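Chain by chain, the residues run as shown.
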Amino acid sequence: MEIWINPACSKCRSALSLLDAEGADYTVRRYLEDVPSEAEIRDVLDRLGLEPWDITRTQEAAAKELGLREWARDESSRDRWVKALAEHPRLIQRPIITAQDGTAVVGRTDEAVRDALSR
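None of the values given here were measured: they were computed from a predicted structure.

## Quick word on the overall build of the chain
When its secondary structure is counted, the chain shows five helices and four strands. When the helices and strands of the chain are placed in sequence order, the string is β-α-β-α-α-α-β-β-α. For the chain, the C-alpha radius of gyration of 14 Å lies close to 14 Å, the compact-globule estimate for 119 residues. Taken along the three principal axes of its C-alpha coordinates, the chain extends 40 × 25 × 25 Å. Within the chain, residue pairs in contact and separated by at least 24 positions form 62% of the contacts whose partners lie at least 6 positions apart. Carbon and sulfur atoms make up 42% of the accessible area of the chain, which amounts to about 6300 Å² in all. Each charge sign in the chain was given a centre, from 18 positive and 23 negative side chains, and these centres are 6 Å apart.

This is the structure we're talking about:
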């Protein structure tokens, strides 16, 4: 199990606390320092069953600068979104937990973290 975090994020700290309380075996990836490649982002999206715009933080300054709200959200635009996430990792929703069964969850709630633990 791996968890992508920003240590300044309260949701990330909460997810880590819950993982620790449950005695989970996991590794931490500070994704702002160890930036995921486009291939890693595609893999996580597949595991999440989501599209890149589903995990994009559209309120971030970089999102506004890029005009993401106006970008198309369709298959032909998918690569453009993935590239933006790789180039601007702050845009990636957090925390993302990859579960042992090959799936992943966005662990913004205790329920989502527990879901990852049960997989």
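## Comments concerning the environment of Ala24
Topologically, Ala24 is positioned in the loop between helix 1 (10-21) and strand 2 (27-30). The sequence separation of Ala24 and Leu117 amounts to 93 residues, and the corresponding C-alpha distance is 7.5 Å. Not counting chain neighbours up to four residues away, the residues in contact with Ala24 comprise Leu19 and Leu117.

## Re the pattern of salt bridges
This structure, assessed with the given rule, holds 10 salt bridges. The partner of Asp34 in a salt bridge is Arg29, and the shortest N-O contact between them spans 3.4 Å. The buried category is assigned to Arg29, whose relative accessible area is 7%.

## Digging into the environment of Glu22
With respect to the helices, strands and loops of the structure, Glu22 is situated in the loop between helix 1 and strand 2. Counting along the chain gives 35 residues from Glu22 to Arg57, while the straight-line C-alpha distance between them is 28 Å.

## Some details on the pairing of strand 2
The pairing of strand 1 (residues 2-5) with strand 2 spans four bridges and is parallel. Following the sheet pairing, Ile5 is matched in strand 2 by Arg30. Read from strand 1 through helix 1 to strand 2, the crossover connection turns out right-handed.

Quick notes on the rules
- Residues numbered from 1 in each chain as written.
- Predicted model: local features only at pLDDT ≥ 70, side-chain atom pairs only at ≥ 80, totals over all residues.
- Heavy atoms only, no water.
- Helix = DSSP H or I, 4+ residues; strand = E, 2+ residues; numbered from the N terminus.
- Rg over C-alpha atoms; globule rule 2.2 N^0.38 Å.
- Contact = heavy atoms within 4.5 Å.
- Areas by Shrake-Rupley, 256 points an atom, 1.4 Å probe, with all protein chains shown as cover.
- Lys, Arg positive; Asp, Glu negative; His and termini not counted.
- Charge placed at Lys NZ, Arg CZ, Asp CG, Glu CD.
- Salt bridge = Lys/Arg side-chain N within 4 Å of Asp/Glu carboxyl O.
- Buried < 20%, exposed > 50% of the residue type's maximum accessible area, 1.4 Å probe, protein only.
- Pairing = 2+ DSSP bridges.
- Right-handed = clockwise from strand over helix to strand, strands pointing away.

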